[in-house]
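Read off the chains here:
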Amino acid sequence: MGFNSLVAVCVGYVIVLFGVAFLAEQRAGRNRLRFLRSPWIYTLSLSIYCTAWTFYGAVGYAARSGLEFVTIYLGPTLVFVGWWWVLRKLVRIGRTHRVTSIADLISSRYGKSNALGVIVTVMSVAAATPYIALQLQSVTLSFGVFASEAPEGWALPDQGATALWIAGGLALFTILFGTRNLDANERHHGVVTAIALEAVVKLVALIAVGVFVVWGMGDGVVDMLARIDASTISEWNLQPGRFAGLTFVSAAAVLTLPRMFQVLVVENVDERHLATASWAFPGYLMLMSLFVVPIAAMGLERMPVGANPDLFVLTLPLSQGQDKLALLAFLGGFSSATSMVIVAAIALSTMVSNHIVTPLWLAQRRSSTRETGDVRGLVLASRRLSIIAVLSMGYIYYRLSGGSEALASIGLIAFVGAAQVLPALLGGIFWRGATHLGATIGLLIGFALWGYTLFLPSVGNSGLLPQSVLDVGPLGLGWLRPHALFGIEGLDPILHALFWSLLFNALAFLIFSMLSFPGPMERLQGVAFVNIFDQSPATRSWAQGGAEAEDLLSMSQRILGAQEAQHFFQAQAAAQGKAGFLPDTTSAFTARLERKLAGSVGAATAHAMIAQLTGGSSVSMQDLIAVAGETAEAKEYSARLEAKSDELAKVARALREANDKLRDLSVQKDAFLSQISHELRTPMTSIRAFSEILMEPDLPDAMRAQYSEIIHEEARRLTRLLDDLLDLSVLENRRAQLDISVVNLHDLINRAVQAASAARPERSFRIERDFPTEHIPIFTDADRLVQVLINLISNARKYCEAERPVLRIEVKKRGKRVQIDFIDNGAGIPKESQKLIFEKFSRLTDQSRAGGAGLGLAICREIMVNLGGSIDYLPGQGGAGFRVSLPLRRQGVQTKSPT
């Protein structure tokens, strides 16, 4: 068959797959999921485990190593038959916490740490790179078998160019297949259905070739057994250690490979499907392996010496003139490769987008991420680019490694890399004591050892790892040779890398988890994951009443921003006919809030956040009690637990104080609105009334002058109020123009005392000062600082209740700062009012006595912030005490010398 014809067959096959996927997505969009929810579709989708390695490479593996090829089927079989309860736990966790990838699960378990998600994402991409290269190599080699220079076709270009075209085609196919739109649950019904179809194709193809070999080329089962006995395959030469190690790593891979996690956990629509998959998937693997040995034995017997055993599935039918059977076998291998690439690229692109690209983009452009289209477009674009990047890395690895390694060797490299997630994964779902620190250090150490002992040496003479390092170790340290770490020689490279990487990975995970203490979120997530089966809807019913509106508002403000979140809540409250600010947390309101948040963080994340607060995926009361009871379970943590308890108590007190403060501020706000309207309306009414009187033609001159003076005073009163409001706005927005110069602090205090003497001049008032301590040169804005000092002195004159009021001004130099204390001998400010005195519009006395709008101290606070200083109330001084603190010289400010 010519190369062009073969390409046409592949394109036609891809079109069929795309059509199946498109129809499945349409049915899913119409909620016609009965067929798609079949346990058989789910089981067949698990065949994504059987890639080109198992389709082509298993035969080559058997031809080279005999029975050892069974390990790649035995590991997953043991997991699904003996550990299906582990799978069930993973699926339950995934569905309950709406997990979108294995990186998402690890991140969520360990305190919802995105840093851990990034680490797992990078590891997964690196581990998948050899596997992508394996698929490119297998498809390239199979193309080479069929390519010819017949007139109807054209010669196959060199393998590198062919692999590049295949990588590009697979990237395009995957983008069209897996990133057409975003699904809130990160499920791809069309992809799963197409993979199920491919599972049937590759199974039928391999069985067809096997039947042909046993009964077409051979003379039945008995004859085939004799041929096997006469071949080198009968010389098993099994190494128990290697056999057990490869079985273990293949078992780990079925849990930790991103593509397996995608179909096993993320794409699962019904937990009960695992019951079928627990026996049907091992049965599928058995059928896939049924004819591996006969095909290998017949290939060794019939094919020329030196023929590639990885291609016996294709070359045996072609050698007998069975072109159609060979084409079917080619489509089976093509299906194995494409299905792996599609799902792996989808899983990896989701991880890259969710844990790397989107968080970085949101962090840099928070002000412009409030439109739904922005984030969804970003996510789709980042996933498509990630698919291209992942396939490009696979192609680069293919070129660097030379494309000459046996398929089985490349596959095992990827398996060992993926297995590094296993300690953190299993520890996280079974051990509540597992911590973020332990998982992070374990993953990094395991990943580094895998890269050094296996991944980098596998890329041949690429220069990534000098040959001298492989031969004598770095800096001549032989005990650090990648294939003989710590002087242990003679081990197979795969087993050597597996042993050291997982050993140090697991040890670091255990040791640092025991030495560290999980934070509150880690502990709650640990309970939620470990005790996932205890969290039935009944046990969570205590939380089903809905979240407090304050909790939802707090969360929304952190995502949308305070102003937009408050506006949304106020609008919803008005729509419900409520006079208050917060709406009732009905299901309709939470649905609208979820849609609002989805525009910033994505649909799946928004749903998970709302569900966490409303009880949809919250922790049960029994779990919370268990968390509180852990103090008695581990005596070695008693001191640290006590410290944590004190810290939580402080946080609780701070929250109560903040809540009280907000409540008081709310009262102050209402009072201010009433007051400011009065303050504005009263002078405006007077101005209007007296202006109308002035319009009278026969008004005496004396009265005209009197009324004009009243209008003038009321206008000045309005001007002062507006000036204060504008000044405060400028200061709060840090737009104040400062005139920094060197001044003597003594002179500024003198100016303030003189200017403040107008406040209640009829009242005796004594000011005590220590003049020598005041002579300190400072670099500041003299007018602004005097404004603060005048306000403090004037307040003391107005509000000090002592019979003989005294104000003591003390100046102290503290390093590079100066402190100015203003302490009177009055009754002081009540404790409950101290936290409000610097707030805007706070009024601690009646209006007639205050004589202002309550903006003075608020303006003082903002002035001091602009000057690089602070103003604080000093309790326990016997009277009212205020401390002004500012630097002697502001850093980074151009100053001018006094004239």
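In this report, the structure presented in the accompanying data block is examined.

Attention now goes to the overall build of the protein chain. Along its length, the protein chain carries 36 helices and 9 strands. Counting every position in the protein chain, which comprises 899 residues, the buried fraction comes to 52%. The long-range share in the protein chain, meaning contacts at least 24 apart out of those at least 6 apart in sequence, stands at 79%. Surface accessibility of the protein chain: about 40,400 Å² in total, with carbon and sulfur atoms responsible for 59%.

Taken as a whole, this structure holds 18 aromatic pairs when the rule is applied. With 6.0 Å between their ring centres and 35 degrees between their planes, Y49 and F415 make a pair best called tilted. Residue Y49 is found in the loop between α2 (39–45) and α3 (52–65), and its partner F415 is found in helix α18 (residues 407–418); the two are separated by 366 residues along the sequence. Accessibility classification places Y49 together with F415 in one group, the buried group. With 5.8 Å between their ring centres and 35 degrees between their planes, F486 and F504 make a pair best called tilted.

Attention shifts here to the side chain of S108. If you trace the backbone, S108 turns up in helix α6 (residues 102–109). Those residues in contact with S108 that lie beyond four places of it in its chain are Q525 and F529.

As enumerated under the stated definition, the model contains 15 salt bridges in all. Of the charged contacts in the structure, one is a salt bridge between R88 and E271, with a shortest N-O distance of 3.0 Å. A residue pair is termed long-range when its members are at least 10 positions apart, and R88 in helix α5 (residues 84–96) and E271 in the loop between α12 (258–266) and α13 (273–289) qualify at 183 residues. Notably, a salt bridge pairs E810 with R808, separated by 2.5 Å at the nearest N-O pair. Using a relative accessible area of 24% as the deciding quantity, one classes E810 as partly exposed. Look at R808 and you get partly exposed, because its relative accessible area is 31%. It is possible to trace a salt-bridge network through shared partners that takes in D223, R227, E301 and R302.

Take the sheet that holds strand β4 (residues 766–769) next. As a general point, the strands of a sheet are linked pairwise by backbone hydrogen bonds and lie either parallel or antiparallel. Strand order in this open sheet of 5 strands is β4-β6-β7-β9-β8, and the pairing throughout is mixed. Strand pairing shows two members of the sheet lacking a second neighbour, β4 and β8 (870–873), which therefore form its edges. Across this sheet, the average inter-strand angle for adjacent strands is 15 degrees, counted without regard to direction. Of the strand pairs in this sheet, strand β7 (residues 817–824) and strand β9 (residues 881–887) are connected by 7 bridges, and their pairing is antiparallel. Note that in β9 the partner of I823 across the bridge is G881. Docked against the sheet, helix α31 (residues 745–756) engages β4, β6 (806–814) and β7, running at close to 175 degrees with respect to β4.

Looking now at the packing of α3 against helix α4 (residues 71–82). Helix-helix packing is characterised by the crossing angle of the two axes and by the distance between the axes. α4 packs onto α3 with a crossing angle of 125 degrees between their chain directions and a minimal axis gap of 11 Å. The orientation of α3 with respect to α4, classified from their angle, is oblique. Residues W53, T54, A58 and Y61 of α3 form the contact with α4, whose participating residues are T71, I72 and Y73. Among the residues making up the contact of α3 with α4, the classes are represented as 5 nonpolar, 2 polar and no charged.

To continue, consider the environment of Y707. Its location among the elements puts Y707 in helix α30 (residues 701–732). Distance in space between the C-alpha atoms of Y707 and I693 is 8.2 Å, their sequence separation being 14 residues. When residues no more than four places from it in sequence are discounted, the contact partners of Y707 are F690, I693, L694 and L699.

Counting buried residues in helix α15 (residues 312–319) gives 6 out of 8 residues, a clear majority hidden from the surface. One or two steps after α15, the chain reaches G321, where phi turns positive at roughly 75 degrees.

Those residues of helix α10 (residues 221–230) that fall on the buried side of the exposure criterion are M224, R227 and I228. Along α10, the residues classed as buried sweep out an arc of 100 degrees about the axis, all on the same side. Across α10 from its buried face, at more than 90 degrees, point the exposed residues V222, L225, D229 and A230. Looking at the packing, one finds that the buried side of α10 touches α9 (189–217) and α14 (292–302).

Quick notes on the rules
Residues numbered from 1 in each chain as written. Predicted model: local features only at pLDDT ≥ 70, side-chain atom pairs only at ≥ 80, totals over all residues. Heavy atoms only, no water. Helix = DSSP H or I, 4+ residues; strand = E, 2+ residues; numbered from the N terminus. Buried < 20%, exposed > 50% of the residue type's maximum accessible area, 1.4 Å probe, protein only. Contact = heavy atoms within 4.5 Å. Areas by Shrake-Rupley, 256 points an atom, 1.4 Å probe, with all protein chains shown as cover. Phe/Tyr/Trp six-rings, centres within 6.5 Å; stacked < 30°, edge-to-face > 60°. Salt bridge = Lys/Arg side-chain N within 4 Å of Asp/Glu carboxyl O. Pairing = 2+ DSSP bridges. Axes fitted to C-alpha atoms, helices over the stretch in contact; angles between N-to-C directions. Parallel < 35°, antiparallel > 145°, perpendicular 65-115°, else oblique. Nonpolar A, V, L, I, M, F, W, Y, C, P; charged D, E, K, R; others polar. Arc of directions from axis to C-beta.

Just distances and angles here, no functional claims.
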